[in-house]
Amino acid sequence: MCRPGPVRRLGGGGGRPRADLEVLRLWDSPFLRFSPFLRCVWAEREPSRHGGGERPGGVGGAAFSPAPRYYGAPGFDVYRHRARLGLAGAKSCREECFTAGRSCRRRCLPVERPLPPPFLVLFLQSLAQLENLCKQLYETTDTATRLQAEKALVEFTNSPDCLSKCQLLLERGSSSYSQLLAATCLTKLVSRTNNPLPLEQRIDIRNYVLNYLATRPKLATFVTQALIQLYARITKLGWFDCQKDEYVFRNVITDVTRFLQDSVEHCIIGVTILSQLTNEINQADTTHPLTKHRKIASSFRDSSLFDIFTLSCNLLKQASGKNLNLNDESQHGLLMQLLKLTHNCLNFDFIGTSTDESSDDLCTVQIPTSWRSAFLDSSTLQLFFDLYHSIPPSFSPLVLSCLVQIASVRRSLFNNAERAKFLSHLVDGVKRILENPQSLSDPNNYHEFCRLLARLKSNYQLGELVKVENYPEVIRLIANFTVTSLQHWEFAPNSVHYLLSLWQRLAASVPYVKATEPHMLETYTPEVTKAYITSRLESVHIILRDGLEDPLEDTGLVQQQLDQLSTIGRCEYEKTCALLVQLFDQSAQSYQELLQSATASPMDVAVQEGRLTWLVYIIGAVIGGRVSFASTDEQDAMDGELVCRVLQLMNLTDSRLAQAGNEKLELAMLSFFEQFRKIYIGDQVQKSSKLYRRLSEVLGLNDETMVLSVFIGKIITNLKYWGRCEPITSKTLQLLNDLSIGYSSVRKLVKLSAVQFMLNNHTSEHFSFLGINNQSNLTDMRCRTTFYTALGRLLMVDLGEDEDQYEQFMLPLTAAFETVAQMFSTNTFNEQEAKRTLVGLVRDLRGIAFAFNAKTSFMMLFEWIYPSYMPILQRAIELWYHDPACTTPVLKLMAELVHNRSQRLQFDVSSPNGILLFRETSKMITTYGNRILTLGEVPKDQVYALKLKGISICFSMLKAALSGSYVNFGVFRLYGDDALDNALQTFIKLLLSIPHSDLLDYPKLSQSYYSLLEVLTQDHMNFIASLEPHVIMYILSSISEGLTALDTMVCTGCCSCLDHIVTYLFKQLSRSTKKRSTPLTQESDRFLHIMQQHPEMIQQMLSTVLNIIIFEDCRNQWSMSRPLLGLILLNEKYFSDLRNSIVNSQPPEKQQAMHLCFENLMEGIERNLLTKNRDRFTQNLSAFRREVNDSMKNSTYGVNSNDMMS
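Attention in this report is confined to the structure presented alongside it.

**Examining the side chain of serine 275**
By the element assignment, serine 275 lies in helix H13 (residues 264–282). The exposure class assigned to serine 275 is buried, which follows from its relative accessible area of 6%. Dropping the residues within four chain positions of it, serine 275 is found in contact with Lys340, Leu341 and Asn344.

The structure is reproduced here in structure tokens:
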């Protein structure tokens, strides 16, 4: 082998070598014999010794070579690398130079052992540095050191020589962390979409990884996992890659079979490879098109998945047939990986539903028909039940997870007889587990078994279950198991959901079951209901005594369980109601006695309040469950009994609020009122309901109006005494808001004296939450908007044109505005007090503005606020632009004022108010925009709150004003008014300050921006055309990126924007080619010139739209079709090339069909953008998409959408 410098013979007494022994060891290692990339680089640096000319080269461009052969991995193609060096001849330089005692015929000196080149020393020094950085990243406790190491390693992953250094790290790294770094870096390299690695290089890496794993079966677990992840990623992304008409990455079972024929450690690696590959192919990757993912997943499902599943089941059968020594850690690991593999196969997304993994709502596993044999064979199901009983509890959760998936197999896989047989085996297995419940003491086993029980009803009908031979015994065992589980409420509380779900579905099916066999639910459902209620009540004392976490703190979980109980409790409702009445009377009586006793302990009072809280929640839930069944008069009378007791309790607790109150009990009361409102208040309720009769007999509440007075009384009481408790205040105001929406209820409410009191006394004196609390945040005032929205609706009922009544209502707000104005008129004022007063005021006004959706009432508000108080809002923006807690409410108020909701902004013909309102809008946008841009650099985690949120509201405000149809914008330029220009120029400044990525990262910002852009391109295209070239390119780029957004609204908006732009361009081009007396405007001519200079932008969008229509799950095809015709007419040559490219990428036998699809797309289409022509194109496009999809379904090639997009 050629080398630089003189030769020293090693081991022959020629003195000490010049290189370090470690370098020499590496230089002589088998690694370098099979890793020519290092030797090639050195040879490229010394071309004269090989007779070749100078040529540039470096490690970054070197090939990745396989390790020594193992399991038939191909050797490295040395001849290919000799060609890179300009060498001739058939023999490799490695063969000539590494044969002891022979000399190289290319003027190399005789050598027994060549010395390493200097660059290898540098490589090893770099290796040591990388290993040190890895240790710092994973082991150091110093944050600064770790961050510095992380930064350096990020630079390493982006370096051009990363590939070669990764192989060096894997071969020579002494730390597992350095091997992990190498594996993760290689995964990143093979995953990149731009500048992907060549096919041969990826094959080399795949082979290298397999050999590396095979020769090192005892690597650290996380290193093995990272390398398997690398293999899985290469295989997935190269699934359709061919070499010599062979799919080179699909022989996964062949590769793994060789592992399975070796030691236990190798078997574990082989099974883990299959498991990780299945999981990898099942998961969509956001960096690649979804259609490509689905195409790979479908091909893998059809070609390999069933074989993998069968293999895993066979291995499990072999394992279960042997006496496994589970004390042996390796056999323990093998069984665990086999179960994971089986679960991943069953958990595969067979039909591309892409459901949320955290969701259990979709309980059907869409097993392909080709798998029928495996599930018709009862031994498959029996295998997992046998495994559950024969292996330790630590493995059982995975076995039960597999059973959950098997139990969820789609119904249509079987005929009726087969389904009944399958269900019978499944129920027998469940019965066997219930009869031997010892392993269920493990929380994970218990959780998975509860899931299995829930699937029994989600996938099978009650009529099928009752026909199972052992149904009576099984339903008894399930009921006992449920009751026991509910009584032990502290054990695995998150699993209760599945048990309640089972009983909820069973109870809901009772009215519809047609089978003659008894379902016995009338016996067991009341037991379940009783167990839930009594267990919750009994838990109160233990939780308070031991200081445990209170389930009532998690209102979401409680509400979920109550929704399920509402259906269960309505089955045999007489028993449920009798139980609730009995328990409620006992607790209420004890509570009343304790309150009257002077020696009562606080603990006893708290226990009774906790029990009553649960009972009030449950009563509200079962009343809300009335909608689930055809209710009878007797059940309505029972509801009346429960309602009377809750209202009596409310009277008792309200009488004590001056001394003490219980927040949780009050929240339960509000939940009860909400359920009662949904069922018994509104236009659809029968007024002859026996519930009202019972209320009349006990409480004297004769009709709905009197019940509403109770509601309002409770609302006023809560706002008076609980004004500083945000949860109670917000829920109380939400109840008031809901009541104010109903057509009949709002008219009854207005007649109540309590409501009139609220309309005339909405001040902090009567409602403490309206006061200025220096201890609270400005954001705590959000509930005020809800309050004034409800008051606004109530006021509008009888307001009409009564300006005196309106001014009377606005007196508190007028006083607040005057106070702020007085503060602003002085140079020194309490800034915090001014902020709180103003923020509260604008939140109140926004609620009123939202409620006033009629012209008459809204005009009163407009004339009240303009021009008197508009300068105060402008002044606030000037002073506090940097404080979003102040600017956000002000900007939102202005956005509401300019929103022409329900056509309320209709000014008289002689009124200038529309123009004046837009002037104020323009002034506020300009003031805020110019000042917010002076903030400078904002930290990434605060950029939305401090800057982007306000900008988003400004965009929404401008969009509402431009599309409100109450301003003729042509008059601004006609009369030299710069309000419109100022607003639009500020929009451009704000837009250019936002990176493209942020436009799509923040949903509210993207929606407001694209909706505004849609209005601008539709009505103000001349302004867009007059912009600077870089601004136009920015806008077009944002549209191009928005076309592929996940948000359908954003995507649709971008299509509309693009359609307007393309239509404008087409019209201007058509005019420029005609002999007309009217020349193009300067803006139009300039815009055309810019587009002609940058045709690639429009062409790129043509590719994008066509790509989405052909390859993606296009949910807005009509919107996509509108700009496509204009794009084609503007780029006819490019479209022709694109069409030819797509046709040629198809298999030869399908090219003619694809060509015909494109011919049909343009059939009958004229060269214009008239509506009739557009509609015809849209129809053609629908047929085109259908035909192309049909053509490509059976194609194994398809079109690479990435190539098309490039």
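**As for the packing of aromatic side chains**
On inspection of all chains with the given rule, the structure shows 42 aromatic pairs. Taking the centre distance of 4.9 Å and the plane angle of 25° together, the rings of phenylalanine 414 and phenylalanine 422 count as stacked. Comparing phenylalanine 414 with phenylalanine 422 shows no difference in burial state: the two are buried. Between phenylalanine 769 and phenylalanine 787, the ring centres sit 5.2 Å apart and the planes meet at 85°, which makes this aromatic pair edge-to-face. Remark: phenylalanine 787 occurs in helix H35 (residues 783–799) and phenylalanine 769 occurs in the loop between helix H34 (753–760) and H35; sequence separation between them is 18 residues. The exposure class of phenylalanine 769 is buried, given its relative accessible area of 8%. On the basis of relative accessibility, which here comes to 0%, the residue phenylalanine 787 falls in the buried class. By way of ring pairs, the aromatic residues Trp239, Phe300, Phe306, Phe309, Phe348, Phe350, Trp371 and Phe375 are connected into one cluster. Residue placement shows lysine 295 over the ring face of phenylalanine 240; its charged tip is 5.1 Å from the ring centre.

**Quick word on the pattern of salt bridges**
Evaluated as defined, the whole model comprises 38 salt bridges. Across the pair arginine 784 and aspartate 844 runs a salt bridge, and its minimum N-O distance is 2.7 Å. Of the two residues, arginine 784 is situated in helix H35 and aspartate 844 in helix H38 (residues 831–851); the sequence distance between them amounts to 60 residues. Through salt bridges with shared partners, a single ionic network connects Asp585, Glu641, Arg645, Arg694 and Glu697.

**Structural notes on empty space enclosed by the protein**
Taken as a whole and assessed by the stated rule, the structure comprises five cavities of 30 Å³ or more. For the second largest cavity, the full set of lining residues is Val427, Leu456, Leu465, Val468, Tyr471, Val474, Ile475, Ile478, Leu502 and Leu506. Those elements giving two or more residues to the lining of the second largest cavity turn out to be helix H22 (471–487) and helix H23 (496–509). By residue number, the principal contributor to the lining of the second largest cavity is H22, which donates four residues. Classifying every residue of the lining of the second largest cavity gives ten nonpolar, no polar and no charged.

**Some words on the nonpolar core**
Core analysis: the largest hydrophobic core is formed by 366 residues, its most contacted members being Phe375, Trp503, Leu861 and Phe918. The greatest single-element share of this core, amounting to twelve residues, is contributed by helix H27 (residues 602–624). Ignoring sequence-local partners within four residues, the contact set of phenylalanine 918 consists of Leu958, Ala961, Leu962, Val967, Phe969, Phe972, Ala979, Leu980 and Ala983.

**Things to note about the environment of phenylalanine 672**
Note on placement: phenylalanine 672 falls in helix H29 (residues 663–680). In this structure phenylalanine 672 comes out as buried when scored by relative accessible area, which is 2%. As a C-alpha pair, phenylalanine 672 and tyrosine 617 span 55 residues in sequence and 6.2 Å in three-dimensional space. With residues up to four places along the chain from it excluded, the contact list for phenylalanine 672 reads Val616, Ile619, Gly620, Ile623, Val643, Val646 and Leu647.

Here is what the cut-offs are and how they apply
Going along each chain's sequence as written, the residues are numbered from 1 onward. Where totals are concerned, whole chains, interfaces and linings use all residues; where local detail is concerned, this predicted model gives features only for residues with pLDDT of at least 70, and gives and counts side-chain atom pairs only at 80 or more. Computation of side-chain values covers all heavy atoms of the structure but excludes hydrogens and water. Helix numbers and strand numbers start at the N terminus; a helix is a DSSP run of H or I with at least 4 residues, a strand a run of E with at least 2. Three exposure classes are used, based on accessible area relative to the maximum for each residue type with a 1.4 Å probe and protein chains only: buried under 20%, partly exposed in between, and exposed over 50%. Should any heavy atoms of two residues lie within 4.5 Å, those residues are counted as being in contact. Pairing of aromatic side chains requires ring centres within 6.5 Å, counting the rings of Phe and Tyr and the six-membered ring of Trp. Pairs whose planes differ by under 30 degrees are stacked, by over 60 edge-to-face, and all others tilted. The rule is short: NZ of Lys or CZ of Arg within 6 Å of the ring centre and within 35 degrees of the ring normal puts a charge over the ring. We count a salt bridge whenever a side-chain nitrogen from Lys or Arg sits within 4 Å of a carboxyl oxygen from Asp or Glu. For cavity detection a 1 Å grid was placed over the protein atoms alone, and a set of points counts as a cavity when a 1.4 Å probe fits there but cannot get out; an open set counts as a pocket when protein lies on both sides within 12 Å along at least five of seven lines, with lining residues being those that have an atom within 4 Å of a point. Grid points are joined across faces, edges and corners, and a volume is the space filled by probe spheres set on the points. Only Asp, Glu, Lys and Arg are considered charged, only Ala, Val, Leu, Ile, Met, Phe, Trp, Tyr, Cys and Pro nonpolar, and every remaining residue, Gly among them, polar. For this analysis, a nonpolar core means a set of buried residues of the types Ala, Val, Leu, Ile, Met, Phe, Trp, Tyr and Cys, connected via side-chain atoms within 4.5 Å.

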